[in-house]
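Chain and residue survey
Residue strings, one per chain:
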Amino acid sequence: MGDLTRLVLKRLGLGLLTLLVVSILIFFAVELLPGDIAEAVLGQSATPETVAEMRRQLGLDQPAVWRYLQWLGGAVQGDFGVSLVSGEPVSEAIGDRFVNTLFLAAYAAVIAVPISIILGVTVALLRNTLFDRVANVLTLTSISSPEFFLGYILILFLAVKTNMFPAIASLSSDMSLSELLNRTFLPALTLVLVVTAHMMRMTRAAIINLLASPYIEMARLKGTPPWKVIVKHALPNAWAPIINVIALNLAYLITGVVLVEVVFVYPGIGQALVDAVAKRDFPIVQACCLIFAATFILLNLAADVGAILTNPRLRHPK
Amino acid sequence: MTKFSDKDILLEIKDLRIQGYSDETWVDIIKGVDLTLHRGEVMGLIGESGAGKSTIGAAAMGYARDGTRICEGSSIEFDGMELTTATESERRALRGSRIAYVAQSAAASFNPAHRIIDQHTEAPVHYRIKKRLEAQEDAMELYERLRLPNPQEIGFRYPHQVSGGQLQRAMTAMAMSCRPDLIIFDEPTTALDVTTQIEVLAAIRDIVDQFNTAAIYITHDLAVVAQMADTIKVLLKGEEVEQASTEEMLDNPQEDYTKSLWAVRSFKRKQKSRPTDGTEPLISVQNVHAAYTGGVKVLDDVSFDIYPGMTVAVVGESGSGKSTTARVITGLLPPMEGQVLFKGEPLPPKYTDRTRDQLRQAQMIYQMADTALNPKVKIHEIIGRPAQFYSGLKGTALKQRVDELLDLIELEPSQYYNRYPPELSGGQKQRIGIARALAAEPEFIICDEVTSALDQLVAEGILRLLDRLQRELGLAYMFITHDLATVRSIADEVVVMQNGKVVEQGPKDEMFRPPHHPYTDLLLSSVPEMDPNWLTELLEERGLDNIGEAATSKGDAAPST
């Protein structure tokens, strides 16, 4: 177990390094974009004088490297700056939105992960049957359609035609949980449809991959029923790849929601990022991207730890 | 047969035909085999790989492996029940409860994710023969009968925490868990060392006797089957060659094929002795200590010499450091201490620091020709690459050299030049491996268990080829093996290794003549002999507590006393 702690600490250290590199890349990528916040905010009415004055106020007349170091100095102490547009601290500007995004991702994950694993195990058991093919075709269709398209289709059928769920996911803080779940059901369902295929097919492939193993044949020759061969003998050895794909998809649920948020007008972090990029609001862009990067790093670490914990050779050393 | 013919028939297979799917057609694998097994009888199925032994074993459980099918007209009758027409669930209900299976590699056939005892109790609990706790107690009792150490505790370990020989016995115990009428043993000791093999053989024989279980014992090792079986059936390419009681089969085989199997170990080449004219040794391993990164020492003060044109066999059990020594010589594993001399010159410890000429001198031939040859590369490229790298040959000169090498290994160049390794048989692949080593024009080749994955007849062909090449090209071989029969047939000198140390070395004739080092003695006496009473006599001589791992550890302790 000491090894595991060491691995986690090492990976967290490397993760911080990655975040630093990401922050540099993002900063200079935003710098490369044509125009800046002064032009974006003042719009067409801008005169060269007002633009210059605004730049001076925001400190944009200073060299880029200096501004980055200033930001970094603050970030190390936990201060990610203030939004250049509204003047709010970054944490306030995106905090609620980040919580909303996490809520939506968790909602989708709680539905998608069990469904895809159960489906994956079922299609592995019934491989090459009609059920297998239908499940594959349906999930592949849902993964191959663009998310906004899926979202509009769902709105058309479940909101406009049958009126079962609201088409727009507007939230307010005094909603009860059940109302919240009802309002966000369509965006969550869209996300579920997008990620299920990947996880299901990996579960299926990881299990089928093991079916040629001698211990699976042994289990069969012991008279073990087919479902038990899959669930008890194959699945415990297939976790490592499955966990990795789950982690990747969970990361996607957090970082890839922009389109879904736009379609359902959901107040999440993706929309905040799009707005901030349009306005060149660097501190917000930087904070959102770092959240996304940290999500990937932490989930991948969690996947590796999960893969180690499900491997009996590593869990019970000689 | 007479001993059993008055007993009830347990299993009767008639005209068994099995087809396998390959290259988009169904090919006959088993071509009409009959088999009759009485209660309590042990039948040995013997033949080379591809003879269909394992397929028949699985068919006796009504089981067709993926990609095979049992044909119409075959009949498999187990205790009055016709398995070919039974439903899948009826057949499944027999498996584990009335017919059990013991696989070749216990390490691969135990599920790594579950404790041994959980896998043991699965079948009895599933069939509601025993409650979980009863089954667990029964498992411990079986472990004790099979002489496993710590029978109360060993089942609660995971498979990777238990040694190969112990796992194989645990698997035999698992097969016994429902007290079946029939057990199929599919090469249960092939993957084990000779010293470990004995205890597994003894354990299997005892338990089969105690419960009067019938068994089908599948193996390619005649000496092993002679210890275990009441009757022997010889198979060749899916057809029966002959069947007789064990004594009769050993004393008086009828068919030519059977006789040729019996005669395999006849190849013997004349022993050479070291040159006396003061020639330096070709390879001299001097006081080598080595370890893998962060691990314990695997080589402890290993020294031996190999003279030009001679064959030095390095023998020992798995884990004794034989292959590690080869890695040190080739420079793949730099030693912690000590050095390797080539014609008196020290070789740089790491292969990356060696010159091309030093590299060419140490070539390897590997155990698994399957994995040592890239399946996507044509034969002429596999052989041509070292010829190009070491000798700088190009164009027609290169092609000529490849043809020459193919001629040397007795494969028709025009036929094999453009083929891919998967199209070849095991023996042919091993010949390609030899040609690849020869392409560098070395004076010294390391042969790492080159024959142990091959059938005996094929292995003999490889040994003869190696011998001929040695005579023609003056090669020196370091021959790593655990098979003492191979040592007897080709070695000039023998180095015995145990736990990373050289325990004894010398010319072959001296090594095979007593007195031996106790460990050498143990290795020698553990090699099964054709005599059906060999195991019984050996067990009487050594005593039951003094076989297998117990004996190995005593052999280990002996030098200090």
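Residues numbered from 1 in each chain as written. Chains lettered and ligands numbered in written order. Predicted model: local features only at pLDDT ≥ 70, side-chain atom pairs only at ≥ 80, totals over all residues. Heavy atoms only, no water.

**Focus: the overall build of chain A**
Each helix and strand in chain A was counted, giving 15 helices and zero strands. Once the C-alpha set of chain A is aligned to its principal axes, its extents read approximately 85 × 60 × 35 Å. A fraction of 75% describes how many contacts in chain A between residues 6 or more apart in sequence connect residues 24 or more apart. About 16100 Å² of surface is accessible on chain A, with carbon and sulfur atoms providing 69% of the total. If you average the places of the 22 positive and of the 20 negative side-chain charges in chain A, the two averages end up 21 Å apart. (Helix = DSSP H or I, 4+ residues; strand = E, 2+ residues; numbered from the N terminus. Contact = heavy atoms within 4.5 Å. Areas by Shrake-Rupley, 256 points an atom, 1.4 Å probe, with all protein chains shown as cover. Lys, Arg positive; Asp, Glu negative; His and termini not counted. Charge placed at Lys NZ, Arg CZ, Asp CG, Glu CD.)

**Side note on the overall build of chain B**
Per the secondary structure count, chain B includes 24 helices and 21 strands. Rg of the C-alpha trace for chain B: 25 Å, near the compact-globule value of 24 Å for 561 residues, within the 12% margin. The proportion of buried residues among the 561 residues of chain B is 55%. For chain B, contacts bridging at least 24 residues in sequence account for 70% of all contacts bridging at least 6. Split by element, the accessible area of chain B, about 23700 Å² in all, is 48% carbon and sulfur. (Rg over C-alpha atoms; globule rule 2.2 N^0.38 Å. Buried < 20%, exposed > 50% of the residue type's maximum accessible area, 1.4 Å probe, protein only.)

**Remarks on the UniProt feature "domain: ABC transmembrane type-1" (unreviewed entry) in chain A**
The sites that carry the UniProt feature "domain: ABC transmembrane type-1" (unreviewed entry) are, in the present numbering, residues 98-303 of chain A. The span residues 98-303 of chain A carries 82% helix and 0% strand; its end-to-end C-alpha distance comes to 22 Å. (UniProt positions renumbered as here; feature names shortened; annotations may be inferred.)

**Re the UniProt feature "transmembrane region" (unreviewed entry) in chain A**
Taking the numbering used here, the UniProt-annotated feature "transmembrane region" (unreviewed entry) corresponds to residues 12-30, 104-126, 138-160, 180-200, 242-264 and 284-309 of chain A. Across residues 12-30 of chain A one finds 100% helix and 0% strand; the C-alpha atoms that close the span lie 27 Å apart.

**A closer look at the pairing of strand β17 (residues 362-365) of chain B**
Residues and elements named next belong to chain B. Burial along β17 is two-sided: Ala362 and Met364 facing one way and Gln363 and Ile365 facing the other are all buried. With four bridges joining them, β17 and strand β18 (residues 444-448) adopt parallel strand pairing. In the sheet register, Ile365 faces β18, and the bridge partner there is Cys447. (Pairing = 2+ DSSP bridges.)

**Things to note about empty space enclosed by the protein**
All names here are of chain B. Under the counting rule described, the total for this entry stands at six cavities of 30 Å³ or more. Taken together, Ile46, Gly47, Glu48, His220, Leu222, Leu261, Asp455 and Gln456 make up the full set of residues lining the largest cavity. Looking at side-chain class alone, the lining of the largest cavity contains three nonpolar, three polar and two charged residues. (1 Å grid on protein atoms, 1.4 Å probe; cavity = no way out; pocket = protein on both sides within 12 Å on 5 of 7 lines; lining within 4 Å. Points joined across faces, edges and corners; volume = space filled by probe spheres on them. Nonpolar A, V, L, I, M, F, W, Y, C, P; charged D, E, K, R; others polar.)

**A closer look at the side chain of B:Thr189**
All names here are of chain B. Among the structural elements, Thr189 can be located in the loop between β8 (182-186) and α8 (194-210). A polar contact is formed between the side chain of Thr189 and the side chain of Gln197, at a distance of 3.2 Å. Those residues in contact with Thr189 that lie beyond four places of it in its chain are Gln197, Val200, Leu201, Tyr217 and Val224. (Polar contact = N/O pair within 3.5 Å; in protein donor to acceptor, adjacent residues only side chain to side chain.)

**A few points about the domain arrangement of chain B**
Residues and elements named next belong to chain B. The assigned domain composition of chain B is domain 1 (2-109 + 183-265) and domain 2 (283-378 + 425-516). A straight line from the C-alpha centre of domain 1 to that of domain 2 covers 36 Å. Facing twelve residues of domain 1, the contacting portion of domain 2 comprises eight residues. Interface area for domain 1 against domain 2, summed over the two sides, is near 1100 Å², with a carbon-plus-sulfur share of 44%. The interface formed by domain 1 and domain 2 holds zero salt bridges in total. Here domain 1 is connected to domain 2 by zero residue pairs in polar contact (both at pLDDT 80 or more). Among the secondary structure elements, those contributing two or more residues to the side of domain 1 that touches domain 2 are α8 and α11 (256-262). Looking at the side of domain 1 that touches domain 2 residue by residue, the classes come out as three nonpolar, five polar and four charged. (Domains from an automatic or database assignment. Buried area = accessible area lost by both parts, 1.4 Å probe. Salt bridge = Lys/Arg side-chain N within 4 Å of Asp/Glu carboxyl O.)

**Quick look at the UniProt feature "domain: ABC transporter" (unreviewed entry) in chain B**
The UniProt feature table records "domain: ABC transporter" (unreviewed entry) at residues 11-262 and 283-524 of chain B. Span residues 11-262 of chain B is 37% helix and 27% strand, its end C-alpha atoms 28 Å apart.

**Considering the sheet that holds β8(B)**
Residues and elements named next belong to chain B. In space, the six strands of this open sheet follow the order β7-β8-β9-β3-β10-β11, with mixed pairing throughout. Single-partner strands in this sheet number two, and they are β7 (99-102) and β11 (239-245). Neighbour to neighbour, the strand axes of the sheet diverge by 15° on average, direction disregarded. Looking at chain direction, strand β3 (residues 42-46) and strand β9 (residues 214-219) are connected through five bridges and run parallel. Note on β9: the bridge partner recorded for Met43 is Ile216. (Axes fitted to C-alpha atoms, helices over the stretch in contact; angles between N-to-C directions.)

**Some thoughts on the state of the cysteines**
Should the sulfur atoms of two cysteines be covalently bonded, the bond is a disulfide. Residues and elements named next belong to chain A. Counted according to the given criterion, the structure contains zero disulfides over all chains. Free cysteine: Cys289, not disulfide-bonded; nearest cysteine sulfur from Cys288 at 6.7 Å. With relative accessibility at 15%, the residue Cys289 sits in the buried group. (Disulfide = S-S within 2.5 Å.)

**Observations regarding a negative patch on the surface**
On the surface, a cluster of negative charge is made up of B:Asp521, B:Glu529, B:Asp531, B:Glu537, B:Glu540 and B:Glu541. Looking at where B:Glu541 falls in the secondary structure, it is placed in helix α23 (residues 534-542). (Patch = residues over 30% accessible without salt bridge, like charges linked within 9 Å, V, L, I, M, F, W, Y side chains within 5 Å.)

**Some thoughts on the packing of aromatic side chains**
Enumeration according to the criterion identifies twelve aromatic pairs over all chains in this entry. Members of the aromatic cluster, connected to one another through ring pairs, are A:Phe27, A:Phe28, A:Tyr68, A:Trp71, A:Phe80 and A:Phe282. The ring of B:Phe389 is capped by B:Arg356, whose NZ or CZ atom sits 4.1 Å from the centre of that ring. Residue placement shows B:Lys399 over the ring face of B:Tyr417; its charged tip is 4.6 Å from the ring centre. (Phe/Tyr/Trp six-rings, centres within 6.5 Å; stacked < 30°, edge-to-face > 60°. Lys NZ or Arg CZ within 6 Å of the ring centre and 35° of its normal.)

**Overview of unusual backbone geometry**
Residues and elements named next belong to chain B. The phi angle at Glu187 is positive, at roughly 50°, despite the residue not being glycine. Tracing the chain through its elements places Glu187 in the loop between β8 and α8. Unlike most non-glycine residues, Lys237 shows phi in positive territory, near 45°. Relative to the assigned elements, Lys237 resides in the loop between β10 (231-236) and β11.

**Some points on the environment of B:Val314**
All names here are of chain B. If you trace the backbone, Val314 turns up in strand β14 (residues 311-315). By relative accessible area, Val314 is classed as buried at 0%. Taking the C-alpha atoms as reference points, Val314 and Thr55, 259 residues apart in sequence, are found 35 Å from one another. When residues no more than four places from it in sequence are discounted, the contact partners of Val314 are Phe304, Lys322, Met478, Phe479, Ile480, Thr481, Val495 and Met497.

**Focus on the nonpolar core**
All names here are of chain B. Formed by 87 residues in total, the largest nonpolar core has its most connected members in Leu11, Leu35, Tyr143, Leu182, Ile184 and Ile216. Examining the composition of this core, we find that eight residues originate from one element, α8, more than from any other. Grouped together as the second largest cluster of nonpolar side chains are 50 residues, Val402, Leu411, Ala435 and Leu524 included. (Core = buried A, V, L, I, M, F, W, Y, C linked by side-chain atoms within 4.5 Å.)

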